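# Structural description and commentary
Okay, here's what each chain looks like letter by letter:
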Amino acid sequence: MPRLSFGSWVEDAVDWLQSNLTWIFDFIKTVLGGMYDGVNAVLSGGEPLLMAGIFAVIAFWLRGVIPAVLTFVGFALIDSLALWDEAMATLSLVVVAAVITIVIAVPMGIWAARNNRVSAALRPVLDVMQTMPAFVYLIPGVMFFGVGVTPGVIATIVFAMPPGVRMTELGIRQVDGELVEAAEAFGTTPKHTLTRVQLPLALPTIMAGINQVIMLALSMVVIGGMAGAGGLGEKVYAAITQLQVGLAAESGIAVVILAMYLDRMTGALNERVSPLGRRAAAKAAAGARRLKFAHYKPGTAVAMTGVIVLALVAGGLNIAGSSDSKGAQADASDVGKGQKINMGYIPWDEGIASTFLWKEILEQRGYETGITQLDAGPLYSGVARGDIDFQTDSWLPTTHKDYWDKYSDQLDDLGSWYGPTSLELTVPSYVKGIDSLADLKGQGKKFNGKIIGIEASAGMMGTLNKKVLKEYGLEGEYEVVSSSTSSMLAELNASIKKKEPVVVTLWSPHWAYGKHDLKKLADPKGAWGKGEEVHTVAHKGFAEKAPAVAKWLKDFKLTEKQLTSLENEIQNAGQGKEQDGVRSWLKKNPGLVDKLAPVPGGGSSQQGKDAGKTVNMGYFPWDEAIASTYLWQNMLEDRGYKTTVKQLDPGPLYTGLAQGQLDVQFDSWLPTTHKDYWDRYKDNLTDLGSWYGPTSLELTVPSYVKGIDSLADLKGQGKKFNGKIIGIESSAGMMGTLNKKVLKEYGLEGEYEVVSSSTSSMLAELNRSIKKKEPVVVTLWSPHWAYGKHDLKKLEDPKGAWGDGEQIHTVAKKDFAKDFPELTGWLKDFKLSEAQLASLEVEIQKGGAGKEKESARRWMDANPDVAEKLTPVGS
């Protein structure tokens with residue numbers, strides 16, 4: 001039989017879907033993520049014990065006093081295990097998945113019950129959904145939706161749907177046919193037959209199906225945790241991969257409590273909504289003679305009142321707590337200002353250590369952090385998609401080569417922070433005669449034919465299987481056992497205790513070499529390759545999203561001594577206390593946080609001498625004016641000043657300064673462009689000096705316009721440009737110079753009309769013309785970001801009609817130095833280089849309209865020394 005390439009067909013289909021239907025997947029991800037966030041905000045937003053009280057009231061309503069008490073005790077136990085947030089995240093995922101599943105499954109079951117063809121078509125589909133290993137659903141889920149909640153929800157929906165459909169169909173089909181015939185005989189419509197006869201009688205079976213849907217959804221939490229869904233699944237997954245028995249037991253108990261609660265409540269709900277259930281409950285209550293209070297169930301109105309009261313109290317406490325935390329946060333150094341940074345890690349020791357180190361550092365710097373443990377494949381996929389911002393454990397160029405080659409177009413390598421490393425096979429020192437990889441040949445029986453490996457997805461496992469075994473002739477004699485890092489270490493530890501031979505995969509540096517007496521097997525043939533570097537890898541665009549963090553990560557370095565001591569501190573802290581271990585280590589290494597994540601000037605929160613004063617700034621919409629104004633707004637607010645910013649045309653702006661209604665503006669082009677305004681108002685103004693220059697004014701054409709290289713070349717070419725020169729604001733000084741001097745000097749009057757518009761309109765016309773390859777001539781000036789975006793020619797001015805290059809000055813009201821002595825000193829020393837100004841303008845362009853202040857802040861984060869240099873405190 002020829003090889004059937006079914007797998008490759010599936011991969012081709014997935015690639016096509018990824019390329020052509022991304023917008024659908026993004027929409028689904030947004031919807032499901034929004035649903036989950038909403039439910040989770042409600043469930044995890046209140047005080048845990050008050051929320052436990054709400055769950056207990058629901059249990060009281062559905063089942064009685066004793067179940068209510070047990071419910072409260074169970075949820076209180078979850079809180080005491082410090083797993084409340086994880087439990088509510090899991091419950092949120094189950095609720096969202098179950099609701100969507102039920103909404104789809106019940107109508108499908110009804111349709112199948114009323115149409116035999118539909119039933120026959122659905123049956124094999126449901127068989128596949130129910131019997132396909134649930135792990136398989138995660139692969140397309142992660143590829144289409146990235147890591148996080150969405151693939152977990154999708155996998156849960158697919159896995160949990162079959163019983164909902166089957167039980168609904170079964171319940172309706174089991175309704176006595178004579179009852180249906182009787183209803184039809186009395187003239188009942190098919191719709192009313194379904195809603196008034198079949199569904200009420202089938203409800204117990206349907207509710208049993210819904211119960212199974214919820215239970216199956218909950219059984220998926222661990223699998224969802226593997227895809228980064230968080231909650232108890234992530235805790236269980238972490239416990240499995242790191243062999244943390246205590247954490248596994250605690251997380252497992254929390255899952256059991258949730259499962260029992262959901263099972264009992266959905267089962268009891270049948271008694272409330274089903275006529276047969278209510279009849280059975282009433283009969284049971286009537287037959288109870290002893291402990292009647294234990295069978296008492298409050299009415300719906302009473303239970304609802306209790307839930308509402310507890311919810312209002314919980315919500316009020318949550319709001320008060322949020323206010324307190326915000327107030328506390330405002331007092332701290334808040335570089336990140338609450339920006340969310342998502343990190344992922346493979347459960348390797350250096351990955352755990354470096355990730356939790358950066359989690360602590362970023363939180364100290366005012367960032368909000370998310371952290372997810374994943375296998376290498378989902379981790380690289382998540383970073384490439386942007387679901388995870390960065391990870392610190394890329395072993396390159398060998399171990400993670402396959403992942404880097406696959407996703408390199410979507411990733412940024414932020415550099416190596418540790419190296420060189422080494423990969424090796426290792427045996428305990430008591431194993432005599434095995435000193436190199438070559439010595440393993442013919443010794444398979446001694447090791448039971450096994451080499452204990454780590455995660456199958458790890459690159460070193462691929463190198464071991466594809467290269468090392470082959471190079472030393474070990475294929476067939478040894479089986480490489482894929483497990484996890486923690487399982488490998490557990491097997492090593494168990495073998496050492498029994499003095500049994502064992503060979504394991506390991507790498508340097510690793511704390512195991514300090515704990516045990518081990519031998520690294522020599523690799524004379526160099527099959528493992530050269531020592532590697534441990535890199536930090538981020539998604540494309542991360543440097544724009546968080547420039548300060550990107551810069552910190554690029555400069556991140558740890559020595560072997562620092563890394564091993566950090567790993568040991570985390571090992572000593574114990575399971576689930578990695579961040580406590582990091583904090584303990586940082587206390588022993590004072591000053592390291594400031595070295596790894598320097599705050600501009602060692603603390604941009606230092607107050608200026610005139611902190612509290614309000615500085616009223618104005619600007620007209622030229623790029624360098626926007627850039628410099630919002631740069632100074634950020635710097636002044638960092639120094640404790642208050643600011644206002646107004647956009648005006650040059651005329652009103654100079655008038656406002658002269659009248660003292662505005663304090664300062666940063667874009668006076670002197671001595672030419674703004675000469676008229678300066679001559680008119682200079683007696684009421686203060687020139688604080690030039691911060692940039694020389695500049696130039698020019699007419700500009702795209703480079704594809706041939707034969708037009710100077711202003712003189714424009715003469716006689718008016719038809720080529722439709723007789724138009726595209727200008728900017730008519731009030732701009734350069735427009736006056738163009739009309740009164742430049743056109744006259746080169747004999748262009750009458751042949752060209754200067755079209756007054758705005759800077760943005762001129763740039764839009766330039767962009768449109770370039771896209772169509774049409775000739776166009778526009779007013780422009782240097783510096784300007786347009787020269788970096790487009791291939792343009794500045795038309796030479798051999799007659800010097802534009803005048804000499806100018807300087808950009810800071811101009812203030814007359815009494816500015818008296819009102820703001822500290823700021824006056826700063827502004828007199830204010831300078832920006834061409835590279836600094838251009839990069840600031842580009843950052844503001846990327847941020848878009850309305851986000852100029854935030855964009856300037858990002859530029860400051862990427863250039864942390866600028867603010868301290870421009871606004872020195874105490875100097």
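Described in the following lines is the structure provided in the data block. Predicted model only: the values in this text are computed from it and were never measured. (Residues numbered from 1 in each chain as written. Predicted model: local features only at pLDDT ≥ 70, side-chain atom pairs only at ≥ 80, totals over all residues. Heavy atoms only, no water.)

## Some words on a negative patch on the surface
- Among the surface-exposed residues, D176, E178, E181 and E184 lie close enough to one another that they form a single negatively charged patch.
- Relative to the helices and strands, E181 is located in helix α9 (residues 177-185). (Patch = residues over 30% accessible without salt bridge, like charges linked within 9 Å, V, L, I, M, F, W, Y side chains within 5 Å. Areas by Shrake-Rupley, 256 points an atom, 1.4 Å probe, with all protein chains shown as cover. Salt bridge = Lys/Arg side-chain N within 4 Å of Asp/Glu carboxyl O. Lys, Arg positive; Asp, Glu negative; His and termini not counted. Charge placed at Lys NZ, Arg CZ, Asp CG, Glu CD. Helix = DSSP H or I, 4+ residues; strand = E, 2+ residues; numbered from the N terminus.)

## Describing the layout of surface pockets
- Put simply, the largest pocket is a space of about 1,500 Å³.
- Lining the largest pocket are 50 residues, with G230, E234, G370, I371 and T372 positioned closest to its centre.
- Put simply, the parts of the chain that give the lining of the largest pocket at least two residues each are α2 (22-45), α5 (84-114), α8 (149-173), α12 (231-242), β1 (340-345), α16 (349-364), β2 (368-373) and α25 (578-588).
- Here the lining of the largest pocket takes nine residues from α2, the largest share from any one element.
- Class assignment for the residues of the lining of the largest pocket results in 16 nonpolar, 19 polar and 15 charged. (1 Å grid on protein atoms, 1.4 Å probe; cavity = no way out; pocket = protein on both sides within 12 Å on 5 of 7 lines; lining within 4 Å. Points joined across faces, edges and corners; volume = space filled by probe spheres on them. Nonpolar A, V, L, I, M, F, W, Y, C, P; charged D, E, K, R; others polar.)

## Describing the nonpolar core
- Formed by 88 residues in total, the largest nonpolar core has its most connected members in L357, W358, F390 and F542.
- Those residues in contact with F542 that lie beyond four places of it in its chain are I341, D389, F390, L414, P547, V549, A550 and L553. (Core = buried A, V, L, I, M, F, W, Y, C linked by side-chain atoms within 4.5 Å. Buried < 20%, exposed > 50% of the residue type's maximum accessible area, 1.4 Å probe, protein only. Contact = heavy atoms within 4.5 Å.)

## Here's the deal with empty space enclosed by the protein
- Inspection of the entire model under this criterion finds two cavities of 30 Å³ or more.
- Estimates place the volume of the largest cavity at around 40 Å³.
- T90, L93, V221, G224, G225, A229, G230 and G233 together form the lining of the largest cavity.
- Those elements that place two or more of their residues in the lining of the largest cavity are α5 and α11 (221-226).
- The element contributing the most residues to the lining of the largest cavity is α11, with three residues.
- Per-class residue counts for the lining of the largest cavity are three nonpolar, five polar and no charged.
- For the second largest cavity, the calculated volume is near 30 Å³.
- Taken together, the residues that form the lining of the second largest cavity break down as five nonpolar, no polar and two charged.

## Observations concerning the packing of α2 against α5
- α5 packs onto α2 with a crossing angle of 135° between their chain directions and a minimal axis gap of 9 Å. In terms of orientation, α2 lies oblique with respect to α5. α5 is crossed by α2, and the crossing has right-handed handedness. Note on element contacts: α5 touches α2 through W84, D85, M88, A89, L91, S92, L93, V95, V96 and I100, opposite L32, M35, Y36, V39, N40, L43 and S44.
- For the contact of α2 with α5, the class distribution of residues is 13 nonpolar, three polar and one charged. (Axes fitted to C-alpha atoms, helices over the stretch in contact; angles between N-to-C directions. Parallel < 35°, antiparallel > 145°, perpendicular 65-115°, else oblique. Left-handed = near helix turned anticlockwise from the far one by under 90°.)

## Overview of helix α30 (residues 733-745)
- Over its 13 residues, α30 extends 17 Å from the first C-alpha to the last, a length consistent with the 18 Å expected when each residue adds 1.5 Å.
- The principal kink in α30, of about 35°, is found at N739.
- Those residues of α30 lying buried are G733, M734, M735, T737, L738, V742 and L743.
- Elements in contact with the buried residues of α30: β15 (696-702), β16 (724-726), β17 (753-755) and β18 (778-782).
- Just downstream of α30, G747 is the residue with a positive phi angle, here 65°. (Expected span 1.5 Å × (residues − 1). Bend = angle between axes of the 7 residues up to and from the residue.)

## Quick notes on unusual backbone geometry
- Omega for the peptide link from L396 to P397 comes to 15°, which places this bond in the cis form.
- Residue placement: P397 occurs in the loop between β3 (390-396) and α18 (401-407).
- In this model, G693 is joined to P694 through a cis peptide bond whose omega is -5°.
- With respect to the helices and strands, P694 occurs in the loop between β14 (685-692) and β15.
- With a phi angle near 60°, K499 is a residue other than glycine that sits in the positive phi range.
- By relative accessible area, K499 is classed as exposed at 59%.

## Some words on a nonpolar patch on the surface
- Together, L4, F6, W9 and V10 line one region of the surface with nonpolar side chains, adding up to about 440 Å² of accessible area.
- Within the element layout of this structure, L4 appears in the segment before α1 (6-20).

## Quick word on the packing of aromatic side chains
- Within the structure shown, the criterion is met by 26 aromatic pairs.
- Considering the side-chain rings of Y380 and Y403, the 5.1 Å spacing of their centres and the 15° angle between planes classify their relative orientation as stacked. Taken as a pair, Y380 in helix α17 (residues 376-385) and Y403 in helix α18 lie far apart in primary sequence, 23 residues in all.
- Assessed through its relative accessible area of 1%, Y380 is described here as buried. (Phe/Tyr/Trp six-rings, centres within 6.5 Å; stacked < 30°, edge-to-face > 60°.)

## Things to note about helix α27 (residues 623-638)
- With 16 residues, α27 extends 23 Å from end C-alpha to end C-alpha; this agrees with the ideal 22 Å at 1.5 Å per step.
- With 15 of 16 residues buried, α27 is to be regarded as a mostly interior element.
- Directly beyond the C-terminal end of α27, a positive phi value near 95° is found at G640.

## Brief notes about the pairing of strand β20 (residues 807-813)
- For β20, the buried fraction is high: six of the seven residues fall into the buried class.
- Of the pairings in the sheet, the one linking strand β13 (residues 664-670) to β20 comprises five bridges and is antiparallel in character. Its bridge partner being in β20, L670 is matched across the sheet by Q807.
- Summarising the sheet, β14 and β20 pair through five bridges and their orientation is antiparallel. The partner of T686 across the bridge, within β20, is A812. (Pairing = 2+ DSSP bridges.)

## What to know about the pattern of salt bridges
- The final tally for this structure, using the stated rule, is 27 salt bridges.
- A salt bridge links D127 to R166, with the shortest nitrogen-to-oxygen separation between them at 2.5 Å. Of the two residues, D127 is situated in helix α6 (residues 116-131) and R166 in helix α8; the sequence distance between them amounts to 39 residues.
- Note on R166: relative accessible area 26%, which makes it partly exposed.
- Among the ionic pairs, K853 bridges to E637, the shortest N-O distance being 2.6 Å. Residue K853 is located in helix α36 (residues 852-862), and its partner E637 is located in helix α27; the two are separated by 216 residues in the primary sequence.
- Residue E637 is classed as partly exposed on the basis of its relative accessible area of 30%.
- What you see here is one network of salt bridges that share partners, running through K29, R385 and D387.

## So, the environment of G574
- Its place among the elements puts G574 in the loop between α24 (560-573) and α25.
- Distance from G574 to A490, taken between C-alpha atoms, is 16 Å for residues 84 residues apart in sequence.

## A look at the packing of helix α35 (residues 834-847) against α36
- Across the interface, α35 lies against α36 with an axial gap of 8 Å and an inter-helix angle of 135°. Between α35 and α36, the angle is such that the two are oblique. Crossing of α35 over α36 shows right-handed handedness. On α36, the residues touching Q836, S839, L840, E843, I844 and G847 of α35 are E852, S855, A856, R858 and W859.

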